[in-house]
Structures are given as C-alpha cells and as structure tokens.
Amino acid sequence: MEKTTHFDYIIIGAGAAGLMLANAMVNDDFFSKKSILLLDKDAKTSNDRTWCFWEKGEGQFDSIVSKTWNHIYFGSKNFSKDYAIAPYQYKMVQGIDFYKTYFETLKDSQNVIYRQQEVLNVKEKGSKILVKTTNANYSASKVFNSIFDYKMATHQKKYPVLQQHFLGWTIKTEKPVFNPDQATYMDFSVQQKGNTRFMYILPFSENEALVEYTLFSEKRLSKEEYEDALANYLQKKLKCGSYEITEIEKGSIPMTAYSFNEHHTENLRYIGTAGGWAKPSTGYTFMSTSKKIPVLISFLKTGKPLNELSFKNRFWFYDLLFLDVLAKRNGQGHQIFESLFKKCPPQLIFKFLDEQTSLFEDLKFISACPTTLFLKALFNRLI
Ligand SMILES: Cc1cc2nc3c(=O)[nH]c(=O)nc-3n(C[C@H](O)[C@H](O)[C@H](O)COP(=O)(O)OP(=O)(O)OC[C@H]3O[C@@H](n4cnc5c(N)ncnc54)[C@H](O)[C@@H]3O)c2cc1C
C-alpha cells in the first residue's frame, strides 16, 4: 500500500486563484497551525499570460503592475472614440512577476509546502478528499481545485457556453505606431464573419505593443486564421511597416452563466476559472478572483460546508441575458458594444462590470444596450 500524507488543506493549481488563496492563508493567523499543500504540474517560471484590469487609485497589485493606461480606445465601423478613464486606470500585471512575488512569500512560510506534481485524480472518501498525483497520494480535510476543463460546463444545455479566445503578438516596430497612454479596449473594425471579433492592443511604448485578435464565440479558429487576421490588421489598419514578434500569448476563457455549483461538495471547492469566477460577459477573472478570496477565507473560518458559499447576485442574471443574446446572434455582438460605448461613459461600464452599480445605474446601463434583443432574451428565459 502506498503511503498517504494528510494535510488540512490542499490547493490544486498555483495559478492566479491558487496563489492568491495560499497567500491569503499565509497572511492570516487563523491558518498558522494548519498544514497546507500547494500542487501544480508546472514550475510557473514562464510569462504565460498578462493580466489587465481597471482600478481606481492604488491597489494591492501595484508593486507588480508593469504598465498603466489613462485612456482607452473603442472602435467599430460607424463609431470610434478615445476616452479618458479617470478616476480609473487600466493596469497590467505580467504573469511572471505575479508568480515570482507570490512564490517568494510562500517560501518563508512554515506551513505551506509547494510540490510540482501533476494531479491525476481527486476523490471523496468519507470526510476526506484524496488527491493522487504522478508522484504521491495525499489526503486533506478540504481541497481547493483550480483545474479547469470545458467539460465542466458543456455537459449541460441550459446555459450557452461561449469562449473568449485569442492569439496575441507582442511586436516591436521600426517606426512609432502606438500611443503608450491609450489601450485599445476593443476595435471592431475587423471583419466579423458571423462572430464577435475585435482587436485588443496594449501599447508599452510608441514602438512596442501586445496586439490580440479576440473572439467571443463558440469555437476556436485555426492558428492560421488568428495569424492572418493579426498580420492583416498590423499592415492595413495600423500601417506598422516592418515588425518583429517578440512574444506570443494565446488563450481561451469560458463565457457562461452556468454556475459550476454542482461540482462543489462539503469539502471540495473549485476556485478561479474552474469555480466559475471568470466574469461570464467579459472573461475578466483576475480582479474578481482577488475580491472572492477574502470572502472565501472568512467563510472557511465559519467551518460551514464549502458548497454553501454562493457568489450569485443580480449581475449573474444580466450576464445570462447577454450571453443568451451573444450565443444566438453572435454576429451582432459589435452592435451591442457600439451602442454601449456610444451611450455610456466607460466609468459607468467599468462600475457595472465590477458589479458595483446601483439599480438606477443598472437601468442606465441596460437602456444603452439594444433593448429589443435583450427583451427577447428575457422573454425566452421567463417562459
Ligand atoms: C493568456 C491569458 C490571458 C488572460 N488575461 C486576462 C486579463 O487580462 N484579465 C483578466 O481578468 N483575466 C485574464 N485571463 C483570465 C484569467 O484571469 C486567467 O486565466 C487566470 O489565470 C485564471 O486563474 P486560475 O487560477 O483559475 O487558473 P490558472 O491561472 O490557469 O491556474 C491553474 C493552474 O492549474 C495548473 N494545473 C492544471 N492542470 C493541472 C494538473 N492536472 N495538476 C496540477 N496542476 C495543474 C496549471 O499549471 C495552472 O498553474 C487570461 C487568461 C489567459 C489564458
């Protein structure tokens, strides 16, 4: 019989959610006598992603924020505008800086152990959770799992499951092309081809930027389709001239109002993207994860079953209607965003997406969307 080592808590995945949770535990006396195991199949030593988010004033990630923008650009065929976003800033954290900083804190901790091992399966046995990895068997009283698989959401048909999928190139141009203080939030001037397709640009200087071809749709494209769209946009729209690609970023983030709740149990909780923490209508997950972690920490102290914690609120219903519309009329997504940016200041859009608006502000936001599309979606959900 192989030996099983027991921990109070096991956190699976040392990505955004796993590291934020481990860090919060280390910084809280309640957990100082608890044994915590953090597992990841990866060494987390590569810059596998950049995280952007908007924020007012100073924030908890400022020491690792590598770039900020005070302006955003929205563009479509019929409308385009540069917006000053104060009091917000659009901020960027490089994955590698996040991993380094968060692992550094864990290194000094007495009760968190990190092991680079691939998790093969997670099973419940009585009041324990068993975790089998490539190298060992573990058990824990509580497990937090951040391994995401689309099958977690696509087994059901009640809620559409779209993806925010993208390919991004960090490029260096010979001539100055970019405005370093303006991020392109969405540029819908690209061909829509029956989907919601746009370009997203994070300029680091006049000559360097991360340019991402992004879709909100059901299926991913072939590598060539993303690449052709990027090359075409860089030459025809941005008139970049010659450029060098220095880094590549690709990804897919689930967009669904499916709640993921049925996967949680008394002692097992999915976190991060796997816990349904990606904002269904936008895919933004980083900031929302940082806001959910303290709630989860407080909840843990109550000793209540982990599946009793719910993050559902009225914004879930708005996201649901938006995704119903987007799934049914994927080629009309650009019209929704165009209408929104025409009628709403970005400050209200950010506040709404942060789920901090009052009911009156919700109405202002909703009335800026093409109302017939949303009323139809509402009607279909109600009957
Ligand atoms: C390229 C990219 C860019 C993004 N940009 C933004 C952004 O700008 N803003 C934003 O808000 N959100 C963004 N997101 C969405 C979201 O913030 C990230 O996906 C975020 O990393 C999610 O955190 P997580 O902990 O749920 O998952 P992850 O950070 O992916 O962590 C999961 C961890 O589990 C590990 N793992 C997986 N399988 C196993 C296994 N079998 N055994 C052991 N370990 C395993 C992985 O190695 C990984 O480290 C982006 C996503 C991607 C992919």
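Residues numbered from 1 in each chain as written. Predicted model: local features only at pLDDT ≥ 70, side-chain atom pairs only at ≥ 80, totals over all residues. Heavy atoms only, no water.

A.B. asks: Hey, could you run me through the state of the cysteines in this one?
C.D. replies: Note on terminology: disulfide describes a covalent bond linking the sulfur atoms of two cysteines. Under the criterion given, the structure shown has 0 disulfides. Not engaged in a disulfide, the cysteine Cys-52 finds its nearest cysteine sulfur in Cys-240; these two sulfurs lie 19 Å apart. Cysteine Cys-344 remains unbridged, with the sulfur of Cys-369 as its closest cysteine sulfur at 7.2 Å. For Cys-344, a relative accessible area of 4% corresponds to the buried category. (Disulfide = S-S within 2.5 Å. Buried < 20%, exposed > 50% of the residue type's maximum accessible area, 1.4 Å probe, protein only.)

A.B. asks: What exactly am I supposed to notice about the domain arrangement of the protein chain here?
C.D. replies: It is common to give the size of an interface as the accessible area lost on bringing the parts into contact. Structurally, the protein chain comprises domain 1 (4-48 + 93-155 + 257-308), domain 2 (161-253) and domain 3 (314-382). Each of domain 1 and domain 2 has a C-alpha centre, and these two points are 32 Å apart. Between domain 1 and domain 2, the buried area comes to about 770 Å², and carbon and sulfur atoms account for 53% of it. Here domain 1 is connected to domain 2 by 0 salt bridges. Counting every contact that joins domain 1 to domain 2 gives 4 residue pairs in polar contact (both at pLDDT 80 or more). Here the residues of the side of domain 1 that touches domain 2 are counted per class, giving 4 nonpolar, 6 polar and no charged. (Domains from an automatic or database assignment. Buried area = accessible area lost by both parts, 1.4 Å probe. Salt bridge = Lys/Arg side-chain N within 4 Å of Asp/Glu carboxyl O. Polar contact = N/O pair within 3.5 Å; in protein donor to acceptor, adjacent residues only side chain to side chain. Nonpolar A, V, L, I, M, F, W, Y, C, P; charged D, E, K, R; others polar.)

A.B. asks: Would you mind going over the pattern of salt bridges with me for this structure?
C.D. replies: Here the idea is simple: oppositely charged side chains can pair when their charged atoms come close. Per the stated rule, a full pass over the model turns up 15 salt bridges. Where Asp-319 meets Lys-279, a salt bridge forms, and the shortest distance between an N and an O atom there is 3.1 Å. Taken together, the positions of Asp-319 in helix H6 (residues 314-328) and Lys-279 in the loop between strand S17 (268-270) and helix H5 (286-302) put the pair 40 residues apart, joining distant regions of the chain. Look at Asp-319 and you get buried, because its relative accessible area is 4%. Beyond isolated ion pairs, a larger network of salt bridges with shared partners links Lys-44, Asp-48 and Arg-49. (Helix = DSSP H or I, 4+ residues; strand = E, 2+ residues; numbered from the N terminus.)

A.B. asks: Please explain the site of the ligand as it appears in this structure.
C.D. replies: If you check the shell around the ligand, you find 28 residues, and the closest are Asp-40, Lys-44, Cys-52, Val-119 and Thr-285. Ala-16 is positioned with one of its backbone polar atoms (N or O) 3.2 Å from an oxygen atom of the ligand. In this structure, Cys-52 approaches the ligand through a main-chain N or O atom, which is 2.7 Å from an oxygen atom. Here the ligand, which alone exposes 970 Å², has 88% of that area covered by the protein. Listing elements by their share of the shell around the ligand, those giving two or more residues are helix H1 (16-26), strand S3 (50-56) and strand S16 (243-256). Residues belonging to the shell around the ligand are distributed by class as follows: 11 nonpolar, 9 polar and 8 charged. Residues from two domains meet in the shell around the ligand; each of domain 1 (4-48 + 93-155 + 257-308) and domain 2 (161-253) gives at least three. (Near = heavy atom within 4 Å. Areas by Shrake-Rupley, 256 points an atom, 1.4 Å probe, with all protein chains shown as cover.)

A.B. asks: Just checking my understanding: could you explain the sheet that holds S3 for this structure?
C.D. replies: What links the strands of a sheet is backbone hydrogen bonding, and the strands pair in either a parallel or an antiparallel sense. Read across the open sheet, the 3 strands follow the order S3-S7-S4; overall the sheet is antiparallel. Two strands close off the open sheet at either side, each with one partner strand: S3 and strand S4 (65-69). This sheet shows a mean twist of 30° between the axes of neighbouring strands, independent of strand direction. The sheet contact formed by S3 and strand S7 (residues 88-94) spans 7 bridges and is antiparallel. Directly across from Trp-54, in S7, lies its bridge partner Tyr-90. Across the sheet, helix H2 (residues 95-107) touches S3 and S7, and the angle it forms with S7 is around 70°. (Pairing = 2+ DSSP bridges. Axes fitted to C-alpha atoms, helices over the stretch in contact; angles between N-to-C directions. Contact = heavy atoms within 4.5 Å.)

A.B. asks: Explain the sheet that holds strand S6 (residues 80-84) here, please?
C.D. replies: What the 7 strands build is an open sheet, ordered S6-S5-S13-S14-S15-S12-S16; its pairing is mixed. Each end of this open sheet is capped by a strand with a single partner; those strands are S6 and S16. Strand-to-strand twist of the sheet, defined as the mean angle between neighbouring strand axes without regard to direction, takes the value 15°. Strand direction decides the pairing type here: strand S5 (residues 71-75) and strand S13 (residues 182-187), joined by 5 bridges, are parallel. Pairing of Phe-74 across the sheet is with Met-186, part of S13. Lying on the sheet, helix H7 (residues 333-343) is in contact with S5, S6, S13, strand S14 (196-205) and strand S15 (208-217); it crosses S5 at an angle near 130°.

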